[in-house]
Amino acid sequence: LSVSDLDFGSCSTMTMSEKKIVTITNRTSQKVCVTWMIPGETRMPVTPDDKSLLGVYPSTCDIAPRGSHDFAVSFRPSNDCSYEGEILEAVVYQKVNRTFRLVD
């Protein structure tokens, strides 16, 4: 992970903020899949009105062994003139394709 904190500064509720780049590097010898846990998109919302303040593009991506990928993160606050924050969570798992083909 390239950064641990993102500061978007002062933002309006009318538009998404300027995008910040987060880079995830795969240091393993296997391909991995990254899925960002965004309420209402890739994660079930906790409450019916649970919406994420953050947007991530792409929300799912495969990263080759010893490779890296950039993700664009943007922010839209729910209220003007307030200090808001949110934890952004990514699930990273090994992508293993097995074959069960019987060879004679």
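Computed from a prediction, not measured in an experiment: that's the story for all the values here.

Chemist: Which residues make up the overall build of the protein, and what are the values?
Modeler: Counting its regular elements, the protein contains zero helices and six strands. N-terminal to C-terminal, the α/β element order of the protein is β-β-β-β-β-β. Sequence-distant contacts in the protein: of pairs separated by 6 or more residues, those separated by 24 or more amount to 66%. For the protein, the accessible surface area stands at approximately 7800 Å², while carbon and sulfur atoms represent 51% of it.

Chemist: Lay out the environment of aspartate 62 with the relevant residues and their values.
Modeler: In this fold, aspartate 62 is placed in strand β4 (residues 60–63). Judged by its relative accessible area of 35%, aspartate 62 falls in the partly exposed class. Considering only alpha carbons, one finds aspartate 62 and threonine 35, 27 residues apart in sequence, at a separation of 8.9 Å.

Chemist: How would you sum up the sheet that holds strand β3 (residues 54–57)? Please name residues and give values.
Modeler: Spatially, the three strands line up as an open sheet ordered β1-β5-β3, and their pairing is antiparallel. What marks the edges here is a single partner per strand, and that holds for β1 (20–25) and β3. Averaged over all neighbouring strand pairs, the angle between strand axes comes to 30 degrees, with direction disregarded. As paired strands, β1 and strand β5 (residues 68–75) are joined by six bridges and run antiparallel to one another. Each bridged residue has a counterpart across the sheet, and for threonine 25 the counterpart in β5 is serine 68.

Chemist: Provide a residue-level description of the confidence of the model for the protein, including the pertinent values.
Modeler: Here the protein averages 82 in pLDDT, while 83% of its residues score no lower than 70. Ranking the helices and strands of the protein by mean pLDDT puts β4 first, with 93, and β3 last, with 88.

Chemist: Quick one: what's the story with the sheet that holds strand β6 (residues 89–94), residue by residue and with numbers?
Modeler: Pairing within the open sheet is antiparallel, and its three strands lie in the order β4-β2-β6. The open sheet has two edge strands with one neighbour each: β4 and β6. Between one strand axis and the next, the sheet turns through 20 degrees on average, direction left out of account. Sheet topology places strand β2 (residues 32–37) next to β6; six bridges connect them, and they run antiparallel. What sits directly across from tryptophan 36, in β6, is alanine 90.

Chemist: Can you explain the side chain of serine 74? Please cite residues and give values.
Modeler: For serine 74, the position within the fold is in strand β5. On the accessibility criterion, serine 74 (8% relative accessible area) is buried. If sequence neighbours within four positions are ignored, serine 74 has contacts with Phe8, Met16, Ser17, Lys19, Leu53, Leu54 and Gly55.

Chemist: Which residues make up the environment of valine 32, and what values do they have?
Modeler: Along the chain, valine 32 turns up in strand β2. Once the C-alpha coordinates of valine 32 and arginine 66 are considered, the two residues, 34 residues apart in sequence, prove to be 10.0 Å apart. Ignoring anything within four residues of it in the chain, the contact list for valine 32 reads Asn26, Cys61, Asp62, Ile63, Val92, Tyr93, Gln94 and Lys95.

Parameters at a glance
- Residues numbered from 1 in each chain as written.
- Predicted model: local features only at pLDDT ≥ 70, side-chain atom pairs only at ≥ 80, totals over all residues.
- Heavy atoms only, no water.
- Helix = DSSP H or I, 4+ residues; strand = E, 2+ residues; numbered from the N terminus.
- Contact = heavy atoms within 4.5 Å.
- Areas by Shrake-Rupley, 256 points an atom, 1.4 Å probe, with all protein chains shown as cover.
- Buried < 20%, exposed > 50% of the residue type's maximum accessible area, 1.4 Å probe, protein only.
- Pairing = 2+ DSSP bridges.
- Axes fitted to C-alpha atoms, helices over the stretch in contact; angles between N-to-C directions.
- pLDDT = per-residue confidence, 0-100.

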